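# Report on the structure
Here are the chains, one letter per residue:
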Amino acid sequence: MSIFDKLFKHKEPQERGITLELQSGFSAFSGTAYASATYRSAVDAIARHTAKLKAHCPDSGVEKLLSDTPNPYMSAYDLLYKTATAYFTTNNAFVLIERRRGITAFYPLTPASVEFIGATDGTLYAKMLFSDGKQVLLPYADIIHLRRHFSTNELLGTDNAPLFPLIDTAHTLTEATGAAVKNATNIRGVLKFTSLVNPAQVKAEKEQFVQDYMSLSNTGGIAATDQRFEFIPTTQIAYNVPHEATETIAEQIYSYLGVSGKIVSGDYTEDEFAAFYESLIEPLAIQMSLEFSRKCGKQITFTAERLEFSSAQTRISLLRELLPFGVISINEARRLLALPDVEDGDRRLQSLNYVT
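Position numbers for residues count from 1 along each chain, tracking the sequence in the order it is written. Selection of residues for local features in this predicted model requires a pLDDT of at least 70, selection of side-chain atom pairs for listing and counting requires 80 or more, and totals for whole chains, interfaces and linings are taken over all residues. Working from all heavy atoms in the structure, the side-chain values ignore hydrogens and water.

### Topic: the environment of Arg40
In plain terms, the rule: To qualify as a helix, a DSSP run of H or I must reach at least 4 residues; to qualify as a strand, a run of E must reach at least 2; elements of each kind are numbered from the N terminus. Exposure is judged per residue with a 1.4 Å probe applied to protein chains only, and the accessible area is read against the type maximum: over 50% gives exposed, under 20% gives buried, and values in between give partly exposed. In this description, contact between two residues means that some pair of their heavy atoms is separated by no more than 4.5 Å.
Mapped onto the elements, Arg40 comes out in helix H2 (residues 37–50). Accessibility expressed as a relative area gives 40% for Arg40, which makes it partly exposed. The residues contacting Arg40, other than those within four sequence positions of it, are Ala33, Tyr34 and Ala35.

In structure tokens form, the structure reads like this:
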């Protein structure tokens, strides 16, 4: 029994009696983009930072699910990572809310296609078809739906069609680079026989010549021939793919996703990460907070401890300025320095210069 068999056993309503009033189709990205190393590395960088978001909710049970173990099969990091990956790969991310006398689990879904069906009573359903052929019908009210490029479709984010030419070009450049390397390492030449030789003999002489002189065992680097044939080397000029072209395509793919090459490589400054967070991670965190709150019926927020990404010098400077005012507690200050909490560390110390 698969995970989906166990999960959807009690969730799939009968389709019988539902009138089709609203239909909208969605087909997942073909997969060629995520198969691209450039695209995948950019999506991976975004998903890794998104997975660092921390969930907060007045309901301690829901908060524990979203910050620890959302379901029996994955951690909270896995849930956010997979959700962010789907969000930037297909421009649609789905998370199923499991309700059994309350919210008991969250499951990220990656359907191959989705069809929305509206019933006469106003209930909206999502018919999902997965890559293994499993098909389920779920109430849309139980699905957290995050959309990117939400413009032309009534319910879904627009596909990544503008990205296809960039991915094709990146693939062509990669293939050209591989072919250039292979051509540069091949030794090519012509054995010219000075007399008539039957085809079988020509093949045998060629194979023997390659074995004797074109292998690594020929340490002297010299070949010897007699009057039967002569070896005429051919000059191969390998085509070198311009490095600027590869970088330009990669930057265009990064720009489409809203991320810079330095974020992808991890070679970023505090200011560069702050720009990345404010332009990409923070809007997604706001979208997640609103959608999770709306579908769960509870106030849920996703935040990032941005000071954790600051340098040690910046943290020490902040602590020097903030601690005297009693803005943060002892344990909060220790966490900024990657130190464990201490007993009675939730106290806030304040300088006598600022005490009223």
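From this point, things continue past the structure.
### Some remarks on the sheet that holds strand S3 (residues 92–99)
Keep this limit in mind: In this description, strands pair whenever DSSP reports at least two bridges between them. To obtain an axis, a line is fitted to C-alpha atoms, over the contacting stretch when the element is a helix, and the angle between two such axes runs from 0 to 180 degrees between their N-to-C directions.
The three strands are arranged S4-S3-S8 in an open sheet whose pairing can be described as antiparallel. Each edge of the sheet is formed by a strand with only one pairing partner; in this case those strands are strand S4 (103–109) and strand S8 (143–147). For this sheet, the mean angle separating the axes of adjacent strands, direction not counted, is 20°. Both S3 and S4 contribute to a ladder of six bridges, which runs antiparallel. Across the sheet, Phe94 pairs through a bridge with Leu109, a residue of S4. Most of the contacts of helix H9 (residues 270–296) go to S8, to which it runs at about 155°, and overall it touches S3, S4 and S8.

### Some thoughts on unusual backbone geometry
Phi at Arg101 is positive, roughly 55°, even though this residue is not glycine. Mapped onto the secondary structure, Arg101 falls in the loop between S3 and S4. A relative accessible area of 93% means that Arg101 is categorised as exposed. Although it is not a glycine, Asp344 sits at a positive phi angle of roughly 60°.

### Description of the pairing of S4
In terms of burial, S4 is largely enclosed, as six of its seven residues are buried. Between S3 and S4, which pair antiparallel one after the other, the connecting turn spans three residues, and Arg101 there sits at a positive phi close to 55°.

### Quick word on the side chain of Thr50
If you trace the backbone, Thr50 turns up in helix H2. Thr50 gets classed as buried once you look at its relative accessible area, which sits at 1%. Among residues more than four places away in sequence, those in contact with Thr50 are Leu80, Ala84, Ile281, Leu284 and Met288.

### Details of a nonpolar patch on the surface
Rule in force here: Residues with no salt bridge and a relative accessible area higher than 30% make up the patches, which join like charges within 9 Å and nonpolar side chains (Val, Leu, Ile, Met, Phe, Trp, Tyr) within 5 Å. Here, Shrake-Rupley sampling with a 1.4 Å probe gives the accessible areas, and only protein chains in the shown set may cover a residue. What makes a salt bridge here is a side-chain nitrogen of Lys or Arg within 4 Å of a carboxyl oxygen of Asp or Glu, nothing more.
Together, Ile316, Leu337 and Leu339 give the surface a local cluster of nonpolar side chains, amounting to about 240 Å² of exposed area. Here Leu337 shows up in the segment after helix H11 (330–336). Overall, the relative accessible area of 40% leaves Leu337 in the partly exposed class.

### What about helix H7 (residues 243–257)?
Cut-off, in case you're wondering: The span you would expect from a helix comes to 1.5 Å times its residue count less one. It is the directions from the helix axis to the C-beta atoms whose arc is reported.
In this model H7 runs 22 Å from its N-terminal to its C-terminal C-alpha over 15 residues, within 8% of the 21 Å that 1.5 Å per residue would give. For H7, the set of buried residues is Ile249, Ala250, Ile253, Tyr254, Tyr256 and Leu257. Projection of H7 onto a plane perpendicular to its axis shows the buried side chains occupying an angular sector of 160°, all on one side. The exposed set on the far side of H7, more than 90 degrees from its buried face, consists of Glu244 and Ser255.

### Looking at the nonpolar core
Applied cut-off: Take the buried Ala, Val, Leu, Ile, Met, Phe, Trp, Tyr and Cys residues and link them wherever side-chain atoms come within 4.5 Å; each set so joined is a nonpolar core.
Formed by 53 residues in total, the largest nonpolar core has its most connected members in Leu66, Phe106, Leu257, Val259 and Phe302. When residues in this core are grouped by element, the largest group, ten residues, is from H9. Setting aside anything within four residues of it in sequence, one finds Phe302 in contact with Leu53, Lys54, Ala55, Leu66, Leu80, Ala285, Met288, Ser289 and Phe292. Counting residues in hydrophobic clusters, the runner-up holds 17 residues, among them Phe130, Leu138, Tyr140 and Leu156.

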